[in-house]
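An overview of the molecular structure
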Amino acid sequence: MNRERALRDALRPVLGRYDYILIDCPPTLGLLTLNALVASDGVIIPVQTQYYALKGVAALLRIIRTVQSRLNPNLKVLGLLPTFYDSRTILARDMLESLKDLGDHQVFATVIRQSVKIGEAPTAGVPITEYDKKSDAAKAFVDLAKEVVRAQ
């Protein structure tokens, strides 16, 4: 019963202690992601700048609308975050433009570029901002955090 509300209920006792709680979800639309959407006030949607990723965003936005109407009317899409961006390719540049035309959702100015360091950080068990603080990838995530805070 109410298994989609388990995370929201578990977080209630600690909500007052934090300005932000980030919930990183797997790239699937299973129960874990549903729990995160029900527990959240806002969602950042990372989108690879590739053709099929853009098609998946439309499906995810439909699911978010369903969650908003049935389980969490306070949920807002904070923005779409372009990821795995490689400015050297025409496809990536075209997909970034297509992402900006994908409806009325904000596309963050911060773009997460394709980076070996981002792939290495999880294998070391630390975030990119600890793994290589001076990397462009770490700086991009700090910029994203600032952009999100400014928008609030």
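Residues numbered from 1 in each chain as written. Predicted model: local features only at pLDDT ≥ 70, side-chain atom pairs only at ≥ 80, totals over all residues. Heavy atoms only, no water.

What the chain contains, in helices and strands, is seven helices and two strands. Its helices and strands taken in sequence order, the chain reads α-α-β-α-β-α-α-α-α from the N to the C terminus. The C-alpha atoms of the chain give 16 Å as radius of gyration, which agrees with the globular expectation for 152 residues (15 Å, within 12%). Judged by the C-alpha coordinates and their principal axes, the chain covers about 50 × 35 × 30 Å. Expressed as a percentage of its 152 residues, the buried residues of the chain come to 31%. Taking as baseline every contact in the chain between residues at least 6 positions apart, the subset at least 24 positions apart corresponds to 67%. Accessible surface for the chain amounts to roughly 10,200 Å². Of this, 54% is attributable to carbon and sulfur atoms. On the chain, the mean spot of the 20 positive side-chain charges and the mean spot of the 16 negative ones are 3 Å from each other. (Helix = DSSP H or I, 4+ residues; strand = E, 2+ residues; numbered from the N terminus. Rg over C-alpha atoms; globule rule 2.2 N^0.38 Å. Buried < 20%, exposed > 50% of the residue type's maximum accessible area, 1.4 Å probe, protein only. Contact = heavy atoms within 4.5 Å. Areas by Shrake-Rupley, 256 points an atom, 1.4 Å probe, with all protein chains shown as cover. Lys, Arg positive; Asp, Glu negative; His and termini not counted. Charge placed at Lys NZ, Arg CZ, Asp CG, Glu CD.)

Along the chain, the position of E4 falls in the segment before α1 (6-11). Among residues more than four places away in sequence, those in contact with E4 are L31, L34, N35, V38 and L71.

Another aspect to go through is the pattern of salt bridges. Applying the stated criterion across every chain, the model contains seven salt bridges. Between D9 and R12 there is a salt bridge, and its shortest N-O distance comes to 3.1 Å. Residue D9 is classed as partly exposed on the basis of its relative accessible area of 37%. The structure contains a network of salt bridges with shared partners spanning R8, D9 and R12. (Salt bridge = Lys/Arg side-chain N within 4 Å of Asp/Glu carboxyl O.)

Right, let's get into the confidence of the model for the chain. Averaged over every residue, the pLDDT of the chain is 92; residues scoring 70 or more account for 100%. Looking across the chain, the model is least confident in helix α4 (residues 90-100), with a mean pLDDT of 89, and most confident in α1, with 96. (pLDDT = per-residue confidence, 0-100.)

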